[in-house]
There are 2 protein chains.
Amino acid sequence: MRKIDQSFSVPFRYQVLFTEGLFKSDNTCLVDTITAGHSPRPPKILVVVDQGVQEHHPLLLADIKRYGKQHQDRFQLIDEILVVPGGEPAKNDPKLVDTILEAVEAHGIDRHSYVLAIGGGAVLDMVGYAASIAHRGVRLVRVPTTVLSQNDSGIGVKNGINFFGKKNFLGAFDPPFAVINDAHFLLTLDDRDWRAGIAEAIKVALIKDAAFFEQLEREAVAVAGRSMEPMQDQIFRCAELHAEHIRGGDPFEKGSSRPLDFGHWAAHKLEQMTNFELRHGEAVAIGIALDVIYSHLEGRLDEASYLRVIRLIETLGFSLFVPELKQNLRNPEKLDSVIRGLEEFREHLGGELTIMLIEEIGRGVEVHEMDTELIIQSIEKLEELSKARKTSPEKLIHT
Amino acid sequence: MRKIDQSFSVPFRYQVLFTEGLFKSDNTCLVDTITAGHSPRPPKILVVVDQGVQEHHPLLLADIKRYGKQHQDRFQLIDEILVVPGGEPAKNDPKLVDTILEAVEAHGIDRHSYVLAIGGGAVLDMVGYAASIAHRGVRLVRVPTTVLSQNDSGIGVKNGINFFGKKNFLGAFDPPFAVINDAHFLLTLDDRDWRAGIAEAIKVALIKDAAFFEQLEREAVAVAGRSMEPMQDQIFRCAELHAEHIRGGDPFEKGSSRPLDFGHWAAHKLEQMTNFELRHGEAVAIGIALDVIYSHLEGRLDEASYLRVIRLIETLGFSLFVPELKQNLRNPEKLDSVIRGLEEFREHLGGELTIMLIEEIGRGVEVHEMDTELIIQSIEKLEELSKARKTSPEKLIHT
Ligand SMILES: NC(=O)c1ccc[n+]([C@@H]2O[C@H](COP(=O)([O-])OP(=O)(O)OC[C@H]3O[C@@H](n4cnc5c(N)ncnc54)[C@H](O)[C@@H]3O)[C@@H](O)[C@H]2O)c1
Ligand SMILES: NC(=O)c1ccc[n+]([C@@H]2O[C@H](COP(=O)([O-])OP(=O)(O)OC[C@H]3O[C@@H](n4cnc5c(N)ncnc54)[C@H](O)[C@@H]3O)[C@@H](O)[C@H]2O)c1
Ligand SMILES: [Zn+2]
Ligand SMILES: [Zn+2]
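Residues numbered from 1 in each chain as written. Chains lettered and ligands numbered in written order. Predicted model: local features only at pLDDT ≥ 70, side-chain atom pairs only at ≥ 80, totals over all residues. Heavy atoms only, no water.

### Structural notes on the packing of helix α10 (residues 210-224) of chain A against helix α11 (residues 228-248) of chain A
Residue and element names in this part refer to chain A.
Thought 1: Relative to each other, α10 and α11 sit at 150°, their axes nearing to 10 Å. Regarding the angle of α10 to α11, the classification is roughly antiparallel. Taken as a pair, α10 and α11 cross one another with a handedness that is left-handed. When α10 is examined against α11, the residues Phe-212, Gln-215, Leu-216, Glu-219, Ala-222 and Val-223 are found in contact with a partner set consisting of Pro-230, Met-231, Asp-233, Gln-234, Arg-237, Cys-238 and Leu-241.
Thought 2: Class assignment of the residues belonging to the contact of α10 with α11 gives a composition of 8 nonpolar, 2 polar and 3 charged. (Axes fitted to C-alpha atoms, helices over the stretch in contact; angles between N-to-C directions. Helix = DSSP H or I, 4+ residues; strand = E, 2+ residues; numbered from the N terminus. Parallel < 35°, antiparallel > 145°, perpendicular 65-115°, else oblique. Left-handed = near helix turned anticlockwise from the far one by under 90°. Contact = heavy atoms within 4.5 Å. Nonpolar A, V, L, I, M, F, W, Y, C, P; charged D, E, K, R; others polar.)

### Thoughts on the domain arrangement of chain A
Residue and element names in this part refer to chain A.
Thought 1: For chain A, the domain assignment lists domain 1 (15-188) and domain 2 (191-398).
Thought 2: Placing the centre of domain 1 and that of domain 2 at their C-alpha centroids yields a distance of 29 Å.
Thought 3: Domain 1 puts 19 residues into the contact, and the matching count from domain 2 is 25 residues.
Thought 4: Of all residues in domain 1, Val-147, Asn-151 and Phe-173 bury the most surface against domain 2, accounting for 29% of the area lost on that side.
Thought 5: Linking domain 1 with domain 2 are 2 salt bridges, by the criterion used here.
Thought 6: As a salt-bridge pair, Asp-152 and Lys-203 come within 3.4 Å of each other at their nearest N and O atoms. (Domains from an automatic or database assignment. Buried area = accessible area lost by both parts, 1.4 Å probe. Salt bridge = Lys/Arg side-chain N within 4 Å of Asp/Glu carboxyl O.)

### Some details on the site of ligand 2
All names here are of chain B.
Thought 1: With respect to spatial proximity, 23 residues lie near ligand 2, and among them Asp-50, Gly-121, Thr-145, Thr-146 and Lys-167 are the closest.
Thought 2: Here an oxygen atom of ligand 2 sits 2.9 Å away from a polar atom, N or O, in the side chain of Glu-88.
Thought 3: One nitrogen or oxygen atom from the side chain of Asp-125 is found 2.9 Å from a nitrogen atom belonging to ligand 2.
Thought 4: For ligand 2, whose accessible area on its own is 870 Å², the fraction buried by protein is 86%.
Thought 5: Elements supplying a minimum of two residues to the shell around ligand 2: α2 (51-56), α6 (121-133) and α7 (147-151).
Thought 6: Residues that form the shell around ligand 2 fall into these classes: 5 nonpolar, 11 polar and 7 charged. (Near = heavy atom within 4 Å. Polar contact = N/O pair within 3.5 Å; in protein donor to acceptor, adjacent residues only side chain to side chain. Areas by Shrake-Rupley, 256 points an atom, 1.4 Å probe, with all protein chains shown as cover.)

Okay, structure coming up:
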């Protein structure tokens, strides 16, 4: 039998830039980034803004237009700036994807033009999806405006929208042209969104970097009090660890292993069970707490270490427990039992179940099954710890 | 300013297999291919069939089901085999993509399951697009059933559908899991589709492989008479040259150069101007004829060589001319002038115009502009050659 063995590698390269005041007249970060793409004429840029961002930054659209005018010899800003709903609604309405595609078509955005997406992780995911299917991919510059999107989701290679009521059912792996993190946007986040993103930093510190975990401990009180400098440091380091992981691993996730999804099997399920009342990061914080307790009960992680994790999560102001955790806990075959999350996680990976647990702070280990009885015990422990917290707030003091 | 430099390469590997009688009980090509994917349990396969293929192969669905039953311990065939319209209608109706997605959802096709697409280039493009956006990409096995899809479109990394009336407006770069070329399907092609695909072989021979061009000349009469053996050889060599080109070049087309699109600037425009009455390959044959004449008139290609190309195209039975070529020929700003095709080609590349021309048989050269007056002369020459053919058929005899 004749055959052709085809094999090749596709190189990807992009920068994650950190700046403040992206559209200030003396900030050349954006214009330098897009003109580095060697377009034959001043390239077009179509801008899409998260409505939540726009409402908190009433001068933003005017600033963008002024910036466009200032640099009109170097790029061509499309007049019509699109404003789309923020948060999960951005990913639940496929018509928004069509809106972006229509603008791409109407304004002649081609593979050497840019879509600039400014917003939280949800808007970036949705706009990124539209950009990646239009003309088989137009250039996307992401400007993440939340902690979570600056330290995790916005710097990676995935995009997507929800479909058939399923999270990220549609999407693509498609690296951005560039990412620009502007710290200025973080000032207007509400406390929950400010905090939520830190869960991803705890996650990646626990599986990869003990020194970073210690930094998170040292700076927890300051960050909980909305101190900007340690937050920026943490975002940078977290983004760096995520970026390292992507380039060192399996960027397009062809295998069944997803080490960065530590704490996420329960988190995904809790987001769904709470109808996304729980923010992704809040759910991840609970998922981490659950999986460190489990790691301890299974004899992998010592008591002192798991308690340090719990303390950090509490100091940052996260809840450790939601009632959904106990729903049908002993009927794991029920769709609204958190334990169903394991099977859904396996389906999501599309192969063998692979779960990350913790052996010591800074070192994760992959396992292929979890013991239902131990999960139940872990959840009970979590409830107990959470009650203890409520009754004796002094326990929270960071030591 | 802090920044993270992200760079990595994503490796892709797949085989293009050549077989006959894919679903015969002693043919293990398919079952071997999909079980090489190391799924933890017998993987699921969702089959989608081109209606044109199904109509010409009335036993096909039954054969597939029998094959599924025979190998049920090694893979799980989804009972519901989807049959979708063939040809360009497959790409013009986005609802068909939804149909595939619904089946993916309903049958729990995950990233370690397979979609098996059997059909012409249009069906493969549409099904491939659905497969690449579902769960950010489920595994696609392509079974191309036309000459064009077996020697060119089906073995590459692109998929797509038409949207906003624009060819391939939506799509992705996404290599298949495997491609299986079954020669048996070619028996039922009508003469136009049989012939059309050979245009891609002429194209790639002209820019890359003089010896292959000579083979095409030697075998032209036999192939025009539907001889299977030389056709299989030509498909193999053409596929090999395309595969080589993809791995040696810029698989995801990040630059502005598309060497394999020799002859295609006019072809794309003619397809559109004839409302796809002209098959892609038929349009490519005309586009090649036009661009070799142009190469000659510009002084790049000697007369004997360009006449050999014209003779080959005629011997195979292609038309050299369609009236649309002269439509608004002297008003190239008009939307229905073939010369507009140049500007549309540039837009499609999304950057600088890059056109492949021929310096000698087997060697292409890229240029960045074409002279309108010379294009007009080339078209007039084409009309003249085509009339000469009609009046003196003896000129057609292959020498
Ligand atoms: N692509 C990935 O790899 C990946 C990874 C993790 C999470 N995600 C996705 O990210 C999404 C969550 O993103 P998120 O946590 O950034 O929140 P979000 O995008 O859901 O935004 C939360 C809210 O904050 C508002 N907002 C955004 N920026 C603001 C600002 N600077 N000031 C005030 N309000 C602002 C938004 O309008 C929204 O109402 C989820 O959909 C999740 O699936 C994607
Ligand atoms: N993805 C790529 O890289 C790429 C490259 C070139 C062309 N294409 C696309 O390929 C499409 C053209 O594909 P094509 O030339 O294979 O034709 P096609 O898919 O348009 O099919 C032509 C007709 O033949 C029928 N048919 C298919 N197989 C048959 C068989 N074995 N017996 C009888 N009838 C059969 C179909 O039902 C259809 O009616 C275009 O949409 C073009 O855009 C894609
Ligand atoms: Zn996360
Ligand atoms: Zn072609």
